[in-house]
Amino acid sequence: MASRDFRKMLEGYGLTTANIFYRLPDHPAIVQSYVWQDYDLQPDFPHLRKFLAFWEKSLDGRLHSVHVAHSGLIRPAEFSLVDKEFHLH
């Protein structure tokens, strides 16, 4: 059985990494970073947007900026079935 992540890649999801910069609540002049990573859909990034909405609603550190990198590791066009198998000693 294929893993959940592999099935998501076949559905068009790609590995998304967001470097989230936020201000410390007690020291707003200091900017800290947090790295978030999950499989998400480009270009709308619904999972990342949901996480950022949670952040703004529930956490004290105000968001400064977000840098996003996305990699479509497997696309359906790159996946093909193998019809033969060869065994070597």
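Notes on the structure in this doc start here. Keep in mind that what you see is a predicted model, and the values were worked out from it rather than measured.

A short note on the overall build of the protein chain
Now for step 1: Along the protein chain, the regular secondary structure elements total 2 helices and 3 strands.
Now for step 2: Taken from the N to the C terminus, the helices and strands of the protein chain come in the order α-β-β-α-β.
Now for step 3: By the burial criterion, 19% of the 89 residues in the protein chain qualify as buried.
Now for step 4: Of the contacts formed within the protein chain by residues at least 6 apart in sequence, a portion of 59% connects residues at least 24 apart.
Now for step 5: For the protein chain, the computed accessible surface area is about 7200 Å², with 55% contributed by carbon and sulfur atoms.

Some details on unusual backbone geometry
Now for step 1: Going from Gln 42 to Pro 43, the amide bond is cis rather than trans, its omega being 5 degrees.
Now for step 2: Take Pro 43: it is sitting in the loop between strand E2 (31-40) and helix H2 (46-58).
Now for step 3: For Phe 45, which is not glycine, the phi torsion reads 50 degrees and is therefore positive.
Now for step 4: On the secondary structure map, Phe 45 appears in the loop between E2 and H2.
Now for step 5: With a relative accessible area of 16%, Phe 45 lands in the buried category.

Notes on the sheet that holds E2
Now for step 1: Within the open sheet, the 3 strands sit side by side as E2-E1-E3. Their pairing is antiparallel. Each end of this open sheet is capped by a strand with a single partner; those strands are E2 and strand E3 (63-71). The average angle at which neighbouring strand axes cross in this sheet is 15 degrees, direction not considered.
Now for step 2: Strand direction decides the pairing type here: strand E1 (residues 14-23) and E3, joined by 8 bridges, are antiparallel. In the sheet register, Ala 18 faces E3, and the bridge partner there is Val 68.

Conventions and cut-offs
Residues numbered from 1 in each chain as written. Predicted model: local features only at pLDDT ≥ 70, side-chain atom pairs only at ≥ 80, totals over all residues. Heavy atoms only, no water. Helix = DSSP H or I, 4+ residues; strand = E, 2+ residues; numbered from the N terminus. Buried < 20%, exposed > 50% of the residue type's maximum accessible area, 1.4 Å probe, protein only. Contact = heavy atoms within 4.5 Å. Areas by Shrake-Rupley, 256 points an atom, 1.4 Å probe, with all protein chains shown as cover. Pairing = 2+ DSSP bridges. Axes fitted to C-alpha atoms, helices over the stretch in contact; angles between N-to-C directions.

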